[in-house]
Amino acid sequence: MVQAYILIQTEVGKASLVADSISQIQGVIQAEDVTGPYDVIVRAQADTVDELGRMVVAKVQQVEGITRTLTCPVVHL
């Protein structure tokens with residue numbers, strides 16, 4: 001199982017709508033609107049890194065109101 005944080009920038013005023021939409025995507029554990037340089041932080045999981053990448057590109061980035069994403073895989077050192 002691979003987990004990652006997805007940091008999201010949105011159009012002005014869209015953070016709450018984006019977080020609500022993303023929380024409905026399969027594999028998303030949590031989606032919260034936050035303050036700071038990013039507007040939404042998502043924790044997601046998938047069976048493989050490739051599957052996680054496909055989820056981000058095919059599902060998360062397609063949500064209306066998103067301007068940029070940054071995916072940060074969780075590592076256990």
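In this text the structure is predicted, and so the values were computed from the model without any measurement.

Visitor: Where do I start with the overall build of the chain in this structure?
Guide: Counting its secondary structure elements, the chain contains two helices and four strands. The order of α-helices and β-strands along the chain, N terminus first, is β-α-β-β-α-β. Taken over C-alpha atoms, the radius of gyration comes to 12 Å for the chain, in line with the 11 Å a tight globule of 77 residues would show. Overall, the chain is about 35 × 25 × 15 Å in size when its C-alpha atoms are taken along their principal axes.

Visitor: Quick question: what am I supposed to make of the nonpolar core here?
Guide: A general tendency of soluble globular proteins is for nonpolar side chains to be buried together. Grouped together as the largest cluster of nonpolar side chains are 21 residues, with contacts concentrated most on Ile8, Ile22 and Val42. Every residue in contact with Ile22, bar those within four places of it in the chain, is listed here: Ile8, Val28, Ala31, Val42, Val60, Val63 and Ile66.

Visitor: I tried to follow the sheet that holds strand 3 (residues 40-46) on my own but got confused; where do I start?
Guide: The pairing of strands in a sheet comes from backbone hydrogen bonds and takes either a parallel or an antiparallel form. The strand order 2-3-1-4 describes an open sheet built from four strands, whose pairing is antiparallel. Of all the strands in the sheet, just strand 2 (28-33) and strand 4 (66-73) have a single pairing partner and so form its edges. Each neighbouring strand pair of the sheet contributes to a mean axis angle of 20°, computed without reference to strand direction. In this structure, strand 1 (residues 2-10) lies alongside strand 4, joined through seven bridges in antiparallel fashion. Residue pairing across strands places Leu7 opposite Leu70, the latter belonging to strand 4. Docked against the sheet, helix 1 (residues 15-22) engages strand 1, strand 2, strand 3 and strand 4, running at close to 170° with respect to strand 2. Packed onto the sheet, helix 2 (residues 49-60) meets strand 1, strand 3 and strand 4 and runs at close to 25° relative to strand 1.

Visitor: What is the right way to read a nonpolar patch on the surface from this model?
Guide: Where nonpolar side chains cluster on the molecular surface, the patch consists of Tyr5, Val34 and Ile41 and spans about 210 Å² of accessible area. If you trace the backbone, Ile41 turns up in strand 3.

Visitor: Is there a simple way to explain the side chain of Thr10 in this structure?
Guide: Take Thr10: it is sitting in strand 1. When neighbours within four sequence positions are excluded, Thr10 is seen to be in contact with Ala15, Val18, Asp39, Val40, Gly65, Ile66 and Thr67.

Conventions and cut-offs
Residues numbered from 1 in each chain as written. Predicted model: local features only at pLDDT ≥ 70, side-chain atom pairs only at ≥ 80, totals over all residues. Heavy atoms only, no water. Helix = DSSP H or I, 4+ residues; strand = E, 2+ residues; numbered from the N terminus. Rg over C-alpha atoms; globule rule 2.2 N^0.38 Å. Core = buried A, V, L, I, M, F, W, Y, C linked by side-chain atoms within 4.5 Å. Buried < 20%, exposed > 50% of the residue type's maximum accessible area, 1.4 Å probe, protein only. Contact = heavy atoms within 4.5 Å. Pairing = 2+ DSSP bridges. Axes fitted to C-alpha atoms, helices over the stretch in contact; angles between N-to-C directions. Patch = residues over 30% accessible without salt bridge, like charges linked within 9 Å, V, L, I, M, F, W, Y side chains within 5 Å. Areas by Shrake-Rupley, 256 points an atom, 1.4 Å probe, with all protein chains shown as cover. Salt bridge = Lys/Arg side-chain N within 4 Å of Asp/Glu carboxyl O.

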